Amino acid sequence: MKTEDIALFHRIVETGSLVEAADILNLPKSTLSRRLHALEEELNVKLFHRQSRAMTLTASGSHFYDKTSGILATLEQTLSELNGQDSAVSGHLRILIFPIPELLMITRAIFGFMDLHPELTVELIVSSEPQDMIRNNIDLAFMLEDSFNENEMVARHLFSETVHFYASPSYLARAGRPQDPDDLPQHNSILFRYPNGRIFNDVPFGKDRTITVKGNLCVNALDTCLEATIQGRGISMMPLPFAQPHVDSGELEMLFPNVEPYDGKCFLVYPSRRFISMASQRFIDHIMQAIEQCEQTQLCCAEAYLGGSIKPYSR
């Protein structure tokens, strides 16, 4: 019995369709059907009730799925231990990335991992649309807090991002400048919808203060939020590195500079009820190390700057 066939069986279970599983795995439907049939013959049981539009597990299939989930996870862990951390990995990783300011840094870290393991193939999905990671066979995702269900995911904290409020000079000239965060409910805010469907309209200040805002525009991408803010559609909440160039150019103004900002958190997440492959384990280790090295570099640059060894640029 091939472990690859058991893994393919898991993908069919999680998509609920032979066609969808074949599309996601980039395999011909006939190949997937043949390997599933061979697995059933070897086990001498029927794993699925085959219907025209979907496939549902038989009692035997459900039992086999539950039992083999732990077995596959243990096997992957054992192979990782036997091969050592320096051995190459193969296979395919589907990675979802929420469009965040650190997208370029994350992408470069992924490319570095691919260089270490040239037999690995990777598919990157940059999206803020809701995604069922199990059904869509997504192995790992970079997501913001509150954008995923903590009960269904294992989450590793990567970094935090300072988040401020911004508005364009044209909006402030038309609607007036809010002097205090408590003025926000009287203004038009640009709302944000997370991948889990939640609208981010209860906005935090610092650690223990929340204000409910309203607005006539809701978006699900930072780029769209930025453009809407520049065009004077309302007040928005965005990460500092993302908005700072537009503050410097005069397109945006930061509001409430003396109020403690909110720290948004980004996590590397994966489904808790799916076995994690050796490629995923190695990838997680690589990303955590890359983030740590990046933070150390930024800290050294900041210390050098404050110590006077690096002079600030001036025209």
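Everything discussed here concerns the structure shown above.
Residues numbered from 1 in each chain as written. Predicted model: local features only at pLDDT ≥ 70, side-chain atom pairs only at ≥ 80, totals over all residues. Heavy atoms only, no water.

### What about the overall build of the protein chain?
When helices and strands are counted, the protein chain shows 9 helices and 13 strands. Taking all 315 residues of the protein chain together, the buried fraction comes to 43%. Considering only residue pairs separated by 6 or more positions, the protein chain has 76% of its internal contacts joining residues 24 or more positions apart. Only carbon and sulfur atoms are counted for the fraction: they give 51% of the accessible area of the protein chain, which is about 17,100 Å². (Helix = DSSP H or I, 4+ residues; strand = E, 2+ residues; numbered from the N terminus. Buried < 20%, exposed > 50% of the residue type's maximum accessible area, 1.4 Å probe, protein only. Contact = heavy atoms within 4.5 Å. Areas by Shrake-Rupley, 256 points an atom, 1.4 Å probe, with all protein chains shown as cover.)

### Description of the environment of Ile 71
You can see Ile 71 is positioned in helix H4 (residues 59-83). Under the relative-accessibility criterion, Ile 71 is labelled exposed at 53%. A C-alpha to C-alpha distance of 9.7 Å links Ile 71 and Thr 3, two positions 68 residues apart in sequence.

### Notes on the packing of aromatic side chains
Considering all chains together, one arrives at 7 aromatic pairs under this definition. Centroid distance Phe 9 to Phe 64: 5.3 Å. Interplanar angle 50 degrees. Geometry classified as tilted. Separated by 55 residues along the polypeptide, Phe 9 in helix H1 (residues 3-15) and Phe 64 in helix H4 bring together distant segments of the chain. Of the two residues, Phe 9 and Phe 64, both sit in the buried class. Relative to Tyr 65, the ring of Phe 9 lies with its centre 6.4 Å away and its plane at 70 degrees, an arrangement referred to as edge-to-face. Of the two residues, Phe 9 sits in helix H1 while Tyr 65 sits in helix H4, which places them 56 residues apart along the sequence. Residues Phe 9 and Tyr 65 agree in their burial class; the two are buried. Counting every residue linked through ring pairs, the aromatic cluster contains Phe 9, Phe 48, Phe 64 and Tyr 65. (Phe/Tyr/Trp six-rings, centres within 6.5 Å; stacked < 30°, edge-to-face > 60°.)

### Observations concerning the nonpolar core
Core analysis: the largest hydrophobic core is formed by 57 residues, its most contacted members being Phe 142, Leu 158, Phe 165, Val 203, Met 238, Phe 283 and Ile 287. Ranked by residues supplied to this core, first place goes to helix H9 (residues 278-307) with 7 residues. Apart from residues no more than four positions distant in its own chain, Phe 165 is found in contact with Leu 184, Val 203, Phe 205, Ile 235, Ser 236, Met 237, Glu 253, Met 254, Leu 255 and Phe 256. Grouped together as the second largest cluster of nonpolar side chains are 17 residues, Leu 8, Leu 18, Met 55 and Tyr 65 included. (Core = buried A, V, L, I, M, F, W, Y, C linked by side-chain atoms within 4.5 Å.)

### A closer look at helix H7 (residues 222-230)
For H7, the set of buried residues is Leu 222, Cys 225, Leu 226, Ala 228, Thr 229 and Ile 230. If you follow the buried residues of H7, they end up packed against strand E6 (153-167), strand E7 (190-192), strand E10 (217-219), strand E11 (236-239) and helix H8 (240-248).

### As for the pattern of salt bridges
A side chain of one charge can pair with a side chain of the opposite charge if their charged atoms are brought near each other. Scanning the entire structure with this criterion turns up 4 salt bridges. Here Arg 35 ties to Asp 5 by a salt bridge, and the two come within 2.7 Å at their closest N and O atoms. Of the two residues, Arg 35 sits in helix H3 (residues 29-43) while Asp 5 sits in helix H1, which places them 30 residues apart along the sequence. Classification of Arg 35 as partly exposed rests on a relative accessible area of 24%. For Asp 5, a relative accessible area of 12% translates into the label buried. Across the salt bridge formed by Glu 253 and Arg 177, the nearest N and O atoms sit 2.1 Å from each other. Of this pair, Glu 253 sits in strand E12 (residues 253-255) while Arg 177 sits in the loop between helix H6 (169-175) and E7, and the two are 76 residues apart along the sequence. On the basis of relative accessible area, Glu 253 is assigned to the partly exposed category, the value being 27%. On the basis of relative accessibility, which here comes to 39%, the residue Arg 177 falls in the partly exposed class. (Salt bridge = Lys/Arg side-chain N within 4 Å of Asp/Glu carboxyl O.)

### With respect to the packing of H1 against helix H2 (residues 18-25)
The interhelical angle for the contact between H1 and H2, taken along N-to-C directions, is 120 degrees, at an axis separation of 8 Å. Relative to H2, the element H1 is oriented oblique. Two packed elements cross with a definite hand, and for H1 against H2 that hand is right-handed. Touching Leu 8, Arg 11, Ile 12 and Thr 15 of H1 are Leu 18, Glu 20, Ala 21, Ile 24 and Leu 25, all from H2. By residue class, the composition of the contact of H1 with H2 is 6 nonpolar, 1 polar and 2 charged. (Axes fitted to C-alpha atoms, helices over the stretch in contact; angles between N-to-C directions. Parallel < 35°, antiparallel > 145°, perpendicular 65-115°, else oblique. Left-handed = near helix turned anticlockwise from the far one by under 90°. Nonpolar A, V, L, I, M, F, W, Y, C, P; charged D, E, K, R; others polar.)

### Thoughts on the pairing of strand E13 (residues 262-271)
Most of E13 sits out of view: 8 of its 10 residues are buried. Here 4 bridges tie strand E5 (residues 140-144) to E13, and the two strands are oriented antiparallel to one another. Residue pairing for E13: Phe 142 is matched across the bridge by Leu 268. Where E6 and E13 come together, 10 bridges link them in antiparallel fashion. Across the sheet, residue Ala 155 finds its bridge partner in E13, namely Val 269. (Pairing = 2+ DSSP bridges.)

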